[in-house]
Amino acid sequence: MSAFCVFGMTDVIARQSASKKSPPPEWNASTQAFYDGYEEHIYKTGTHRQVSLTFDAPQFCQDWIDLAKKHMRTRGLKIMYRGQVTDKHGAPRINKKTNEPVMGWVPYDGSWETRPKTGAFL
C-alpha cells in the first residue's frame, strides 16, 4: 500500500498549468512572453500539489526530493502521508454522510508518534 508522496511546486508543473491558459485578446506582445510571465507567477504563488508518485516509505520521498532539487526548480517540497484529517483544534474530522473519519494527505514530520492511533500500521 502506497501511503507517502511529495507535495510542493516545480517549474514543470507551473509550465503545464500556464500552457492551459491563453493570452487575453488585448495582449500585444508575443504569446511566449505571456506564457513565461504566467509560468513564473504560478511558480511563485501557486498552491502546492502532489508532484510525485506515491511511495511505500518516507525515505523514498526524501530520495525523490533530493533528485528533484538537483534537476529542476522546486518550491516548498514536503512529505505527506495518507492519514486522518483533523480540524484546527486537533479533533478528527468526521464525514457527515458516512460518519467515518475523513482521510487525506497529512504533513509527515518524521516521527511515528504524531500519527493517529488507529490500530493499523499505516
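The structure displayed is predicted, hence computed values, not measured ones.

Engineer: Is there a simple way to think about the packing of aromatic side chains in this case?
Structural biologist: Geometry of an aromatic ring pair is reported as the spacing of the ring centres plus the angle between the planes. Taken as a whole and judged by the stated rule, the model has 7 aromatic pairs. Ring geometry for F7 versus W105: centroids 6.0 Å apart, planes at 55 degrees, classification tilted. Remark: W105 occurs in strand β4 (residues 103–107) and F7 occurs in strand β1 (residues 4–10); sequence separation between them is 98 residues. Residue class for F7 comes out buried when judged on its relative accessible area of 14%. Look at F34 and Y35: their rings are 5.5 Å apart centre to centre, the planes differ by 65 degrees, and that puts the pair in the edge-to-face class. Under the relative-accessibility criterion, Y35 is labelled partly exposed at 24%. Three or more aromatic residues joined by ring pairs make a cluster, and in this case those are W27, F34, Y35 and Y38.

Engineer: Just checking my understanding: could you explain the sheet that holds β4 for this structure?
Structural biologist: Two strands in a sheet stick together by hydrogen bonds in their backbones, pointing the same way (parallel) or opposite ways (antiparallel). Strand order in the open sheet formed by 4 strands is β2-β1-β3-β4, and the pairing between neighbours is antiparallel. Of all the strands in the sheet, just β2 (49–50) and β4 have a single pairing partner and so form its edges. Here 5 bridges tie strand β3 (residues 74–84) to β4, and the two strands are oriented antiparallel to one another. Bridge assignment links M80 to a residue of β4, and that residue is P107. Sheet strands in contact with helix α1 (residues 11–19) are β1 and β2, and its direction is about 65 degrees off that of β1. Against the sheet, helix α2 (residues 31–45) contacts β1 and β3, and its axis sits at roughly 50 degrees relative to β3.

Cut-offs and rules
Residues numbered from 1 in each chain as written. Predicted model: local features only at pLDDT ≥ 70, side-chain atom pairs only at ≥ 80, totals over all residues. Heavy atoms only, no water. Phe/Tyr/Trp six-rings, centres within 6.5 Å; stacked < 30°, edge-to-face > 60°. Helix = DSSP H or I, 4+ residues; strand = E, 2+ residues; numbered from the N terminus. Buried < 20%, exposed > 50% of the residue type's maximum accessible area, 1.4 Å probe, protein only. Pairing = 2+ DSSP bridges. Contact = heavy atoms within 4.5 Å. Axes fitted to C-alpha atoms, helices over the stretch in contact; angles between N-to-C directions.

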